[in-house]
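# Per-entry structural report
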Amino acid sequence: MIITITLNPAVDKTVEIQDFEVGTVNRVASVRLDAGGKGINVSKVIRSLGGKSCAAGILGGNTGNFIKDCLNGMGIENKFLYIEGETRTNLKVVDSKRKTNTDINEAGPQLSAEEITAFEKMIFAMINKDSAVVFSGSVPANVDKAVYGKWIRAAKETGAKTILDADGELLKYGIEAGPYMVKPNIHELESFFGEKIEGAVEAESRARKLIDIYGVEFAAVSLGAEGAIFVNKESSLFANSIDVEVKSTVGAGDSMVAALTYSLDMGYGFEKSALLAVASATANVMTSGSQPADFETIKELENKVKFEYIRKNK
């Protein structure tokens, strides 16, 4: 069973504004609301791919109820701890004229030590040796940034495979715990190593360090419009991006994580996993808000991914 963990879910409110200007009145052309948060986005894309997952997280208030209702309506299994306070709303401003996406994200409600402990007990009652557990996204401001690292170590002790998609200290402590898979973007990878990384070859070299030093089994590094790097112990490849009309970049990285986790669950090989990840991320930017792409679009794009091996069968 795939389990996605979202400690700081959100309602994603996406507004389209033509020619957005700071410091003046702007008229909204369209609005959409989606259940969001990185782990929840992963679960939505896994569903599009034909897989199953359980979305676990912490919710509160009317926005929390909205998220749960959305997931129930999509047929996605979910398990949430309810708290006092209101789940956050994140505003996404899309300017189709200027081709920009602006995120204005709330911090989310704080959690007590008792609530964190209760959530930990809840998720570890679900995790076993057959689980693939995705730890992704931000955490409320007062939560220890080592939390993912702690849970990754505990999940590994059960025999579960762990997947990490985070930034800053969450990424640092998480990588040090040796997850099965990590998916930083190039800027997060630069921050982790404290150095500028130029080009695909350097990105591959740093990603391989995650494997050689920290015991990671699979690393994917998204390079934005340039494509992505995929690395395991034996091989590495660079996949080019596909030129499509971009409607929203929200959730593109989550779609890549979803495809890689689904591939892991299905037992797909290295190359197929990488191509499906690129296709899923590309299909996502073609949709509005954090709406998941459909299976047919993903499969069509999968056949268009161009790639080359940097290293093969070391």
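Presented here is an overview of the structure given in this document. (Residues numbered from 1 in each chain as written. Predicted model: local features only at pLDDT ≥ 70, side-chain atom pairs only at ≥ 80, totals over all residues. Heavy atoms only, no water.)

### As for the packing of aromatic side chains
The following threshold applies: Only centres within 6.5 Å qualify two rings of Phe, Tyr or Trp (six-membered ring in Trp) as a pair; their planes then separate them into stacked at under 30 degrees, edge-to-face at over 60, and tilted for everything else. Helix numbering and strand numbering both begin at the N terminus, where a helix is a DSSP run of H or I of at least 4 residues and a strand a DSSP run of E of at least 2. Burial classes: relative accessible area under 20% of the type maximum marks a residue as buried, over 50% as exposed, and values in between as partly exposed (1.4 Å probe, protein chains only).
Per the stated rule, a full pass over the model turns up 9 aromatic pairs. Judged by centre distance (5.9 Å) and plane angle (45°), the rings of Phe119 and Trp151 are tilted. In this pair, Phe119 sits in helix H3 (residues 113–124) while Trp151 sits in helix H4 (residues 147–157), placing the two residues 32 residues apart along the sequence. Trp151 shares its class with Phe119; the two are buried. When the centroid spacing of 6.4 Å and the interplanar angle of 40° are considered together, the rings of Phe270 and Tyr309 count as tilted. You can see Phe270 sitting in helix H9 (residues 270–285) and its partner Tyr309 sitting in strand S14 (residues 307–311), a full 39 residues away along the chain. When its relative accessible area of 26% is taken as the criterion, Tyr309 is described as partly exposed.

### Quick look at the pairing of strand S13 (residues 236–239)
To keep it simple, the criterion reads: In short, DSSP must find at least two bridges between two strands for them to pair.
Residue alternation in S13 divides its side chains into two sets, Ser236 and Phe238 and Leu237 and Ala239, and both sets are buried. With 4 bridges connecting them, strand S12 (residues 228–232) and S13 associate as antiparallel partners. Bridged to Val231 within S13 is Ser236. Taken together, S12 and the strand that follows it, S13, pair antiparallel across an intervening segment of 3 residues. When S13 meets S14, the two strands line up antiparallel, connected through 4 bridges. When the bridges of S14 are listed, Phe238 appears paired with Glu308.

### Regarding the state of the cysteines
Applied cut-off: Counting rule for disulfides: a pair of cysteine sulfur atoms within 2.5 Å.
The final tally for this structure, using the stated rule, is 0 disulfides. You can see Cys70 has no disulfide; the closest cysteine sulfur is in Cys54, sitting 16 Å from it.

### A few points about helix H5 (residues 168–176)
Rules: Directions are taken from the helix axis to each C-beta atom, and the arc is the one they span. Contacts between residues were defined by any pair of non-hydrogen atoms, one from each residue, lying within 4.5 Å.
Among the residues of H5, those classed as buried are Leu170, Leu171, Gly174 and Ile175. Buried positions in H5, seen along its axis, are confined to an arc of 120° and lie on one side of it. Of the surrounding secondary structure, the elements contacted by the buried residues of H5 are H4, strand S9 (161–165), strand S10 (181–182), helix H6 (186–193) and helix H7 (199–214). Remark: Gly178 follows H5 within two positions and exhibits a positive phi of approximately 70°.

### Describing the side chain of Thr162
Summarising the element assignment, Thr162 is placed in strand S9. With relative accessibility at 0%, the residue Thr162 sits in the buried group. Beyond its immediate chain neighbours, meaning those up to four positions away, Thr162 contacts Val133, Phe135, Ile152, Ala155, Lys156, Pro179, Tyr180 and Met181.

### So, the nonpolar core
Within soluble globular proteins, side chains that are nonpolar generally end up buried alongside one another. Which entries qualify depends on this criterion: Definition of nonpolar core: a set of buried residues of the types Ala, Val, Leu, Ile, Met, Phe, Trp, Tyr and Cys, connected through side-chain atoms within 4.5 Å.
Counting residues in hydrophobic clusters, the biggest one holds 45 residues, and the most contacted among them are Ile5, Leu7, Phe119, Tyr148, Trp151 and Leu164. For this core, the leading source of residues is H4, giving 5 residues. Not counting chain neighbours up to four residues away, the residues in contact with Phe119 comprise Ile5, Leu7, Ala56, Gly57, Ile58, Leu81 and Trp151. Core analysis: the next-biggest nonpolar cluster, separate from the first, contains 35 residues, Val42, Val134, Phe230 and Ala283 among them.

### As for the packing of H3 against H4
Worth spelling out the cut-off: Throughout, an axis means a line fitted to C-alpha atoms (over the contacting stretch in the case of helices), and angles, computed between N-to-C directions, take values from 0 to 180 degrees. Every angle not falling under 35 degrees, over 145, or within 65 to 115 is termed oblique; those three ranges are roughly parallel, roughly antiparallel and roughly perpendicular. Here is the rule for handedness: rotate from the far helix to the near one, and if that takes an anticlockwise turn smaller than a right angle the crossing is left-handed, while a clockwise turn gives right-handed.
Running from N to C, H3 and H4 point in directions that differ by 30°, and their axes come no closer than 12 Å. When the interaxial angle is binned, H3 and H4 end up roughly parallel. Where H3 crosses over H4, the handedness of that crossing is right-handed. Contacts between H3 and H4 involve Ile116, Phe119, Glu120, Ile123 and Phe124 on the former and, on the latter, Lys150, Trp151, Ala154 and Ala155.

### Digging into the layout of surface pockets
In plain terms, the rule: Think of a 1 Å grid over the protein atoms and nothing else: a 1.4 Å probe that fits but is trapped marks a cavity, an open set flanked by protein within 12 Å on at least five of seven lines marks a pocket, and residues with an atom within 4 Å of a point count as lining. Grid points are joined across faces, edges and corners, and a volume is the space filled by probe spheres set on the points. The nonpolar class holds Ala, Val, Leu, Ile, Met, Phe, Trp, Tyr, Cys and Pro. Asp, Glu, Lys and Arg form the charged class, and all remaining residues, Gly among them, are polar.
Volume-wise, the largest pocket comes out at about 1300 Å³. What lines the largest pocket is a set of 48 residues, and nearest its centre among them are Thr249, Val250, Gly251, Ala252 and Gly253. At the level of secondary structure, the elements contributing two or more residues to the lining of the largest pocket comprise strand S2 (10–17), helix H1 (38–48), strand S6 (88–95), strand S7 (100–104), H6, helix H8 (252–266) and H9. Looking at the lining of the largest pocket residue by residue, the class counts come to 16 nonpolar, 21 polar and 11 charged. Roughly 340 Å³ of volume is contained in the second largest pocket. Looking at the second largest pocket, it is lined by 18 residues, and the ones nearest its centre are Glu16, Val94, Ser96, Val246 and Lys247.

### Quick notes on the sheet that holds strand S3 (residues 28–36)
Overall, mixed pairing links the 4 strands, which are arranged S3-S2-S6-S7 in an open sheet. Of all strands in the sheet, those bounded by a partner on one side alone are S3 and S7. Each neighbouring strand pair of the sheet contributes to a mean axis angle of 20°, computed without reference to strand direction. On top of the sheet, H1 reaches S2 and S3; it is set at about 90° to S3, its chief contact. Packing against the sheet, helix H2 (residues 61–74) makes contact with S2, S3 and S6, and its axis sits at approximately 75° to S3.

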